[in-house]
Amino acid sequence: MPAGTLYRGREGMWSWVAHRVTGVLIFFFLFVHVLDTALVRVSPEDYDKVVATYKTPIVACLEYGLVAAILFHALNGLRVIAVDFWAKGARYQKQMLWTVVVVWFVLMLGAIYPVLGHAARVVFGS
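- Within an unreviewed UniProt entry, the label attached to the chain reads Succinate dehydrogenase, cytochrome b556 subunit, and the organism entered is Streptomyces mexicanus.
- In its Subcellular location (unreviewed entry) section, UniProt records this for the chain: "Membrane".
- Quoted straight from UniProt, the Sequence similarities (unreviewed entry) entry for the chain says "Belongs to the cytochrome b560 family."

Here is the structure:
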């Protein structure tokens with residue numbers, strides 16, 4: 001495969017950027033998660049306060065964003081693997097990218113109620 005084949009075109013550039021951005025966001029989430037989990041050993045009362053803030057509608061929206069980032073990163077990672085290891089991968093990378101986007105969008109629609117249902121009930125009532 002010629003150098004630069006994987007990220008040719010505007011779509012390839014944006015998938016490259018999105019893959020890096022979602023990877024960094026996931027890293028920072030994991031970093032914060034490890035810190036807040038470690039807080040239980042230092043101060044259980046403060047840990048309880050932190051966990052209480054996680055039950056707010058704003059954090060539910062952030063959780064939905066986290067699901068979006070993880071799902072896109074995983075699906076796009078599978079696409080990158082296919083481009084790298086499938087002999088015809090480079091030829092079909094654009095179609096695979098659009099498949100990733102469609103599958104990601106459908107799955108994100110399906111995640112709205114499980115992730116944001118409680119927040120909607122808090123904001124709008126039962």
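## Some remarks on the environment of cysteine 61
Here comes step 1: Secondary-structure assignment places cysteine 61 in helix H3 (residues 57–85).
Here comes step 2: Using a relative accessible area of 49% as the deciding quantity, one classes cysteine 61 as partly exposed.
Here comes step 3: Considered as a pair, cysteine 61 and phenylalanine 105 are 44 residues apart in the sequence and their alpha carbons are 16 Å apart.

## Brief notes about the UniProt feature "transmembrane region" (unreviewed entry) in the chain
Here comes step 1: Mapped onto this numbering, the UniProt entry annotates "transmembrane region" (unreviewed entry) at residues 21–42, 54–75 and 96–116.
Here comes step 2: What you have in residues 21–42 is 100% helix and 0% strand, and the ends, taken at the C-alpha atoms, are 32 Å apart.
Here comes step 3: As a span, residues 54–75 carries 86% helix and 0% strand, and end to end its C-alpha atoms are 27 Å apart.

## A few points about the pattern of salt bridges
Any two side chains of opposite charge can pair, given that their charged atoms come close.
Here comes step 1: Evaluation of the coordinates by the stated rule reveals one salt bridge.
Here comes step 2: Between aspartate 46 and lysine 49 there is a salt bridge; the shortest N-O distance is 3.9 Å. In this pair, aspartate 46 and lysine 49 are both assigned in helix H2 (residues 44–53), three residues apart and thus about one turn of the helix distant.
Here comes step 3: Exposure remark for aspartate 46: the relative accessible area of 35% places this residue in the partly exposed category.

## Some words on the layout of surface pockets
Here comes step 1: Taken as a whole, the largest pocket holds about 360 Å³ of empty space.
Here comes step 2: Counting only elements with at least two residues in the lining of the largest pocket, the list comes to helix H1 (9–42) and H3.
Here comes step 3: A per-element tally of the lining of the largest pocket places H3 first, with five residues.

Conventions we followed
- Residues numbered from 1 in each chain as written.
- Predicted model: local features only at pLDDT ≥ 70, side-chain atom pairs only at ≥ 80, totals over all residues.
- Heavy atoms only, no water.
- UniProt positions renumbered as here; feature names shortened; annotations may be inferred.
- Helix = DSSP H or I, 4+ residues; strand = E, 2+ residues; numbered from the N terminus.
- Buried < 20%, exposed > 50% of the residue type's maximum accessible area, 1.4 Å probe, protein only.
- Salt bridge = Lys/Arg side-chain N within 4 Å of Asp/Glu carboxyl O.
- 1 Å grid on protein atoms, 1.4 Å probe; cavity = no way out; pocket = protein on both sides within 12 Å on 5 of 7 lines; lining within 4 Å.
- Points joined across faces, edges and corners; volume = space filled by probe spheres on them.

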